Amino acid sequence: MKKIIFALLLMLAVDQVRAQEVGKFRVGLEAGYTIPDGGGGVLLAIEPKYNIADNMNIGIRFESAAMAKNVGPLEASLTASTSFAGTFDYYFNSGSSSFAPFFGAGVGYNSLGNVGFDAGTFGEDDILVLDEAGIDVDSKFGGLVRAGFEAGKFRLAATYNFIGKTELGEGLEVKNSYLGISLGFYLGGGKWKK
């Protein structure tokens, strides 16, 4: 499977389909895997962008991530968060190829989902009874940094979302930051200038 993915990425890198042109609008769609503190999940994102130069664009990223993560010593149940961020990407491309490594950053607002987990209490005969409990988590401002490459109309990116911790009291905290690895494609954008 790894060889097939590598071969596909290599073919896309050699492809000569051009990618973007100044003054053009494009929309990116991505799906991927999230890696929070002690858990995992999935992400979906849509990002409309405007090409401010042949190798730079600005955009607005809408991302939804569903993941399970640790809350102190407890493993939380699946929770969803949504983020809205203004983004900037810089491409390292001379215009002669469709392969374009990039680096980007952004700032925005993160609407964090409630954290749910199983809480144990002892009932009759000292038998552990699991009750579902939930904690509301405040929304926070945050940032992101990302790097990856585009080949043709496809994009592979690693994004780290910086989101502050949430203190729950009694020494419990939720680490909200996470790494996302995503694969996607985009529509529009024109061609790379020569």
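Being a predicted model, the structure only gives us computed values, none of them experimental.

(A) Structural view of the side chain of Glu-47. With respect to the helices and strands, Glu-47 occurs in strand 2 (residues 40-53). A polar contact is formed between the side chain of Glu-47 and the side chain of Thr-87, at a distance of 2.5 Å. Looking at Glu-47, its side chain comes within polar contact range of the side chain of Arg-146, at 2.8 Å. The contact partners of Glu-47, leaving out residues within four places of it in the chain, are Arg-26, Val-27, Gly-28, Glu-30, Ile-60, Arg-61, Thr-87 and Arg-146.

(B) Here's a closer look at the pairing of strand 3 (residues 56-68). Looking at chain direction, strand 2 and strand 3 are connected through 11 bridges and run antiparallel. If you follow Val-42 over to strand 3, its bridge partner there is Ala-66. Between strand 2 and strand 3, which pair antiparallel one after the other, the connecting turn spans two residues. Here strand 3 pairs with strand 6 (residues 79-91) via 12 bridges, running antiparallel. Bridge assignment links Ala-65 to a residue of strand 6, and that residue is Ser-81.

(C) Region of the structure containing the pattern of salt bridges. Applying the stated criterion across every chain, the model contains 10 salt bridges. Of the charged contacts, one joins Asp-89 and Lys-49 as a salt bridge, the two residues approaching to 3.1 Å between their closest N and O atoms. Pair noted here: Asp-89 is in strand 6 and Lys-49 is in strand 2, with a separation of 40 residues, a long-range link. Residues Asp-89 and Lys-49 agree in their burial class; the two are buried. A salt bridge links Glu-63 to Arg-61; the nearest nitrogen and oxygen atoms lie 2.9 Å apart. As far as the burial class goes, Glu-63 and Arg-61 line up, both buried. A single network of salt bridges, built from pairs that share partners, joins Arg-26, Glu-30, Glu-47, Lys-49, Arg-61, Glu-63, Asp-89, Arg-146, Glu-150 and Arg-155.

(D) Fine view of the packing of aromatic side chains. By the definition in use, this model includes six aromatic pairs. Both rings, one in Phe-62 and one in Phe-84, keep their centres 5.5 Å apart while their planes meet at 75 degrees; by these two values the pair is edge-to-face. Of this pair, Phe-62 sits in strand 3 while Phe-84 sits in strand 6, placing them 22 residues apart in sequence. Classification of Phe-84 by relative accessible area gives partly exposed; the value is 38%. Each ring, one from Tyr-160 and one from Phe-162, has its centre 4.8 Å from the other, and the planes form 65 degrees; the classification is edge-to-face.

So, how was this worked out
- Residues numbered from 1 in each chain as written.
- Predicted model: local features only at pLDDT ≥ 70, side-chain atom pairs only at ≥ 80, totals over all residues.
- Heavy atoms only, no water.
- Helix = DSSP H or I, 4+ residues; strand = E, 2+ residues; numbered from the N terminus.
- Polar contact = N/O pair within 3.5 Å; in protein donor to acceptor, adjacent residues only side chain to side chain.
- Contact = heavy atoms within 4.5 Å.
- Pairing = 2+ DSSP bridges.
- Salt bridge = Lys/Arg side-chain N within 4 Å of Asp/Glu carboxyl O.
- Buried < 20%, exposed > 50% of the residue type's maximum accessible area, 1.4 Å probe, protein only.
- Phe/Tyr/Trp six-rings, centres within 6.5 Å; stacked < 30°, edge-to-face > 60°.

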